[in-house]
Amino acid sequence: MGVFGQVLDQLLDHPRLLLAGFLLYVFIYALSWFFSAPKPGPNPFKTLVKKPLKPLVTDQKLRDKVLKQGFQAKQVPQDLDAIVVGSGIGGLTAAGILSKAGKKVLVLEQHDQAGGCCHTFIEQGFEFDVGVHYIGEMRSNTVARVMVDQLTDGQLQWVDLIDEFDLLSLGEPGKRRSIPFRTGSANALRAGLLEKFPKEEAAIDKFMAMLKDVRLNMKGMLMVKVMPKWIVRLLIATGLINLMTRYFKYARRTVQEVLDELTDDGDLKAILSYSFGDYGVEPSRSSFGLHAALVNHYLYGASYPKGGASEIALHMIPVIERNGGRVFVRAPVSQIITDPYGKAIGVRVDRASGPVDITAPLVISDTGAMNTFAKLLPQEIARKSSITRLLGNKLESGTACMSLFVGLKGTAEELDLKPQHIWSYPSNDLSGITTDYLEKSVDEAVNSDLPMIFITFPSAKDPTFNERYPGMSVCTAVSLCNWKWFSEWEKERVKKRGEDYEAIKMAIGRKMWDHVLTYYPQLEDKVEYFEVATPLSNKYYIASPKGEIYGLDHTAKRFGNPETVMHLRSETGIPGLLLTGQDVVCCGFVGAMMGGLLCASTALHRNVYEDLVKLRKEAAKSK
């Protein structure tokens with residue numbers, strides 16, 4: 001023991017020796033794993049797909065043939081390789097990658113059209129998107145852009161938004177201060193901030209340095225999700241994880257903590273944190289590491305899908321079907337079927353004529369962690385997953401939201417609408433006003449000012465909108481709310497929830513619209529369609545347990561704890577069952593796609609991310 005103690009003391013006094021020894025051990029382990037692990041599956045991104053661009057499909061019947069293929073048991077393919085539950089972008093990404101690797105995949109969607117939060121709906125001749133408002137990393141040859149191109153045969157086109165696509169508005173009407181968030185490059189962001197806050201150069205430069213450091217260390221979070229758990233636990237226990245990545249140094253701190261150290265200027269804090277609405281957690285609880293990743297995501301600008309958000313699923317589905325797979329809607333999965341040994345072997349689809357059981361060697365859930373482990377799996381099986389033990393403990397459902405959809409008479413040009421979003425807050429105390437509002441009773445909330453509202457005009461962002469819907473425009477607005485305000489009507493049928501529910505819904509909706517009119521008074525007499533969506537709408541259409549749109553809460557408690565991050569991975573610990581989508585990595589279009597990428601990597605036993613990186617280099621050479 002004396003010799004061992006001396007060696008241990010030496011290693012502890014020289015952490016680099018400890019790190020070197022550990023890395024050597026990992027290398028030896030990796031070699032043994034290489035020779036004993038399952039053979040890697042085919043490279044789904046072996047060949048660069050470049051197909052001639054086809055004309056935009058505007059015939060709704062032709063689009064519905066792809067997006068609204070109703071489930072029929074007799075049309076289910078035989079000899080499936082995998083079943084994906086849910087057709088959100090995480091599910092479609094996993095299915096698309098597996099299809100490109102030669103797998104036959106069945107995707108089952110409970111709604112009447114595919115796409116999850118990427119779907120659109122049409123009412124009284126107006127088309128609305130429900131979740132895709134703007135996407136970063138689509139302007140250049142990024143890994144995300146290459147992945148999208150390959151999973152859509154290069155048919156999904158993007159419209160670049162103006163560099164100041166977000167405008168922060170602080171204060172009450174008549175006393176507002178407007179601050180544009182300038183993007184295009186790191187220098188552009190810095191210059192835009194200095195222009196508005198010339199006395200805060202030191203704070204701005206420190207913030208920019210932090211953004212860069214997070215960008216350089218983001219792979220640390222992904223590394224924890226793919227390495228064997230025992231290695232991650234050893235890294236955590238020895239502290240070596242902090243030598244391998246600085247990501248958790250930032251992720252464990254809240255946005256508010258970091259900004260309070262940087263500056264005393266409340267307005268500067270607000271412009272550096274206003275976009276917390278993109279993940280739904282106020283600065284006092286949200287992870288700075290995650291928030292910095294979001295700012296980096298939009299650093300070089302934002303884009304919008306040309307032809308609307310439904311273009312995404314429209315062009316991903318043919319890739320999935322090319323290898324014999326199918327994407328069916330109106331296919332509500334009520335259970336993940338397991339064998340006597342606890343292995344997932346298929347799913348049960350509820351039908352009016354009776355349940356339909358479908359089997360496959362692999363089941364992938366894109367329904368979120370809460371639905372997967374609390375609803376779809378038998379509880380005795382669900383308890384075998386470490387993810388189950390985190391739910392309701394360290395992990396909660398995210399904040400619910402209200403959405404407003406308004407159809408307007410007149411084009412974007414006629415109504416003077418810009419391809420720009422407004423983030424409106426009554427004060428620069430973003431955490432205080434948000435927390436205070438969400439803690440109110442429903443009666444108090446109906447009579448209170450909104451803590452925040454996001455305002456956007458999809459018709460102004462898409463140059464094809466006026467061609468497809470002449471003389472029309474649409475407005476979408478989103479605000480946060482408390483699930484409990486509407487939970488008493490949870491069991492009621494959609495559109496049959498009664499007068500009290502409608503009164504509360506419309507009161508908040510009207511308050512949202514009145515807020516929009518303070519910015520766009522010219523729209524007051526242009527309204528031809530008006531609808532409000534509550535958390536119950538989200539639960540009905542996208543099956544979110546508590547009306548949330550961002551899955552599990554995006555807190556510092558979730559993203560700053562490497563062990564929690566480790567458990568939230570595609571591999572569930574239940575044989576035959578994988579997880580995909582935003583709960584695997586984070587919310588958002590690219591975040592959920594990365595969840596799909598990690599899921600496909602697990603299924604194929606290969607590093608698909610590296611496959612994409614190599615293809616990206618090839619794509620760069622071909623331009």
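Conventions adopted
Residues numbered from 1 in each chain as written. Predicted model: local features only at pLDDT ≥ 70, side-chain atom pairs only at ≥ 80, totals over all residues. Heavy atoms only, no water. Helix = DSSP H or I, 4+ residues; strand = E, 2+ residues; numbered from the N terminus. Contact = heavy atoms within 4.5 Å. Pairing = 2+ DSSP bridges. Axes fitted to C-alpha atoms, helices over the stretch in contact; angles between N-to-C directions. Parallel < 35°, antiparallel > 145°, perpendicular 65-115°, else oblique. Left-handed = near helix turned anticlockwise from the far one by under 90°. Buried < 20%, exposed > 50% of the residue type's maximum accessible area, 1.4 Å probe, protein only. Phe/Tyr/Trp six-rings, centres within 6.5 Å; stacked < 30°, edge-to-face > 60°.

**Student:** Talk me through the side chain of Thr93; I want residue IDs and the actual numbers.
**Tutor:** The topology assignment puts Thr93 in helix 4 (residues 89-100). Sequence-distant contacts of Thr93, that is, excluding residues within four places in its chain, are made with Met147, Leu151, Met316, Met593, Gly596 and Leu597.

**Student:** Which residues make up the sheet that holds strand 19 (residues 527-533), and what values go with them?
**Tutor:** One open sheet accounts for 7 strands, arranged 8-7-16-17-18-15-19; its pairing is mixed. Looking along the sheet, the strands with just one partner apiece sit at the ends: strand 8 (177-181) and strand 19. The average undirected angle you get between the axes of adjacent strands in this sheet is 15°. Looking at chain direction, strand 16 (residues 421-425) and strand 17 (residues 453-456) are connected through 3 bridges and run antiparallel. The partner of Ile422 across the bridge, within strand 17, is Ile455. Contacts from helix 20 (residues 430-438) reach strand 7 (166-170), strand 16 and strand 18 (472-481) within the one sheet, and its direction differs from that of strand 18 by about 80°. In the packing of helix 25 (residues 535-542) onto the sheet, contacts are made with strand 15 (400-409), strand 18 and strand 19, and the angle to strand 15 comes to roughly 90°.

**Student:** Run through the packing of helix 12 (residues 255-262) against helix 13 (residues 266-273), naming residues and quoting values.
**Tutor:** It is the contact of helix 12 with helix 13, at a shortest axis distance of 10 Å, that shows an interaxial angle of 140°. Classed by the angle they form, the pair helix 12 and helix 13 counts as oblique. When you trace helix 12 past helix 13, the crossing you get is right-handed. Two secondary-structure elements touch here, helix 12 through Val255, Gln256, Leu259 and Asp260 and helix 13 through Lys269, Leu272 and Ser273.

**Student:** Run through unusual backbone geometry, naming residues and quoting values.
**Tutor:** Even without glycine at this site, Asp153 takes up a positive phi of about 55°. With respect to the helices and strands, Asp153 occurs in the loop between helix 5 (143-151) and strand 6 (158-160). By relative accessible area, which is 8% here, Asp153 ends up buried. One non-glycine residue, His605, adopts positive backbone phi at about 55°. Its location among the elements puts His605 in the loop between helix 28 (589-604) and helix 29 (608-622).

**Student:** An account of the packing of aromatic side chains is requested, with residue identities and associated values reported.
**Tutor:** Scanning the entire structure with this criterion turns up 24 aromatic pairs. Centroid distance Phe71 to Phe328: 5.8 Å. Interplanar angle 90°. Geometry classified as edge-to-face. Residue Phe71 is located in the loop between helix 3 (60-67) and strand 1 (82-85), and its partner Phe328 is located in strand 10 (residues 326-328); the two are separated by 257 residues in the primary sequence. Take Phe328: its relative accessible area is 0%, and that puts it in the buried class. On the numbers, 5.1 Å between centres and 40° between planes, the contact of Phe465 with Tyr469 is tilted. Classification of Tyr469 as buried rests on a relative accessible area of 13%. Here the aromatic residues Tyr134, Phe165, Phe181, Tyr274, Tyr298, Trp423 and Phe454 are joined through ring pairs into a cluster of three or more.

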